[in-house]
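Here's the letter readout for the chains.
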Amino acid sequence: MIPPILTTARLTLSPPRASDFEDSAAMWSDPLVTRHIGGRTSTPEESWQRLLRARGLWAVLGYGYWAARETASGRYVGEIGFADFHRGIEPSIDGVPEMGWALASWAHGQGFASEAIVAALAWARDQWGDAPIVCIIDPDNAPSLKLAHKIGFLEVARTTYRDAPTVLLQRG
């Protein structure tokens, strides 16, 4: 599968490349980014593995993550996409595309996440119609929960993931 490139008014979403590594690693080393995503920053090795996984998802599943950059400046905005991580949570979400997003702290509050999510969901609709899509969010991550609800995700369960409280949401 050749991953598509998506464009919005301000963003270009493209499959992750090795040249994205430094920007991605900087984002994942920022405590403001990770406080609600695992609660700890990532090492460069973990960031490299994340980049490889994001790209490899496309080859294995036919969907994956994009690196989002501001089209005008080329500045790294973050990562958005779909995966099936076989998380082992209850209720099970195995086999259901799971949407996720993480933005560099400089990009928070500027509407970039909403813009990228809408583009990714339009792509998903073309691929899967109205099939369910899920996401999991830390219950303390009010901005992401608000955004998920705004774009049509509904809470279906309160569960745990890696011993931490987690909200499971679904659309479709």
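This one's a predicted model, so the numbers in the text were calculated from it and none came from an experiment.

Cut-off values and rules
Residues numbered from 1 in each chain as written. Predicted model: local features only at pLDDT ≥ 70, side-chain atom pairs only at ≥ 80, totals over all residues. Heavy atoms only, no water. Salt bridge = Lys/Arg side-chain N within 4 Å of Asp/Glu carboxyl O. Helix = DSSP H or I, 4+ residues; strand = E, 2+ residues; numbered from the N terminus. 1 Å grid on protein atoms, 1.4 Å probe; cavity = no way out; pocket = protein on both sides within 12 Å on 5 of 7 lines; lining within 4 Å. Points joined across faces, edges and corners; volume = space filled by probe spheres on them. Nonpolar A, V, L, I, M, F, W, Y, C, P; charged D, E, K, R; others polar. Phe/Tyr/Trp six-rings, centres within 6.5 Å; stacked < 30°, edge-to-face > 60°. Buried < 20%, exposed > 50% of the residue type's maximum accessible area, 1.4 Å probe, protein only. Lys NZ or Arg CZ within 6 Å of the ring centre and 35° of its normal. Contact = heavy atoms within 4.5 Å.

### A look at the pattern of salt bridges
In the structure shown here, the tally under the stated rule is seven salt bridges. Glu115 is paired through a salt bridge with Arg10; the nearest N and O atoms lie 2.7 Å apart. Taken as a pair, Glu115 in helix H4 (residues 112-128) and Arg10 in the loop between strand S1 (6-7) and strand S2 (11-14) lie far apart in primary sequence, 105 residues in all. In this structure, the salt-bridge partner of Arg40 is Glu46, at a minimum N-O distance of 2.6 Å. Beyond isolated ion pairs, a larger network of salt bridges with shared partners links Arg17, Asp20, Asp23 and Arg69.

### Observations regarding empty space enclosed by the protein
Scanning all chains against the criterion turns up two cavities of 30 Å³ or more. Roughly 60 Å³ of internal volume is contained in the largest cavity. Lining the largest cavity are Pro16, Asp20, Ser24, Arg50, Leu51, Ala54, Tyr65, Trp66, Ala67, Tyr76 and Glu79. Elements with a minimum of two residues in the lining of the largest cavity: helix H3 (44-61), strand S3 (65-70) and strand S4 (76-83). Residues that form the lining of the largest cavity fall into these classes: seven nonpolar, one polar and three charged. Lining the second largest cavity are Leu11, Ala68, Val77, Gly78, Glu79, Ile80, Ala102, Leu103, Phe112, Ala113 and Ala116. Counting only elements with at least two residues in the lining of the second largest cavity, the list comes to S4, strand S5 (98-103) and H4. Broken down by element, the lining of the second largest cavity gets its largest block of residues, four residues, from S4. A class-by-class count of the residues in the lining of the second largest cavity yields nine nonpolar, one polar and one charged.

### Concerning the packing of aromatic side chains
Applying the stated criterion across every chain, the model contains 10 aromatic pairs. Between the aromatic rings of Phe21 and Trp48, the centroid separation amounts to 5.3 Å while the plane-to-plane angle is 90°, which identifies the pairing as edge-to-face. Of the two residues, Phe21 is situated in helix H1 (residues 21-28) and Trp48 in helix H3; the sequence distance between them amounts to 27 residues. For Trp48, a relative accessible area of 35% translates into the label partly exposed. Ring centres 5.5 Å apart and planes at 70° place the aromatic pair Trp58 and Trp123 in the edge-to-face group. Here the residue Trp58 occupies a position in helix H3, and Trp123 occupies one in helix H4, the gap between them amounting to 65 residues. Ring pairing ties together the aromatic residues Trp58, Tyr63, Trp66, Phe82, Trp123 and Trp128, which thus form one cluster. In this arrangement the basic side chain of Arg50 is found over the ring face of Trp28, its NZ or CZ atom lying 3.7 Å from the centre. The lysine or arginine in question, Arg87, covers the ring of Tyr161, its NZ or CZ lying 4.8 Å from the ring centre.

### Some details on the side chain of Ser24
Structurally, Ser24 can be placed in helix H1. Overall, the relative accessible area of 1% leaves Ser24 in the buried class. Once residues within four sequence positions are removed from consideration, Ser24 is found in contact with Ser47, Tyr76 and Glu79.

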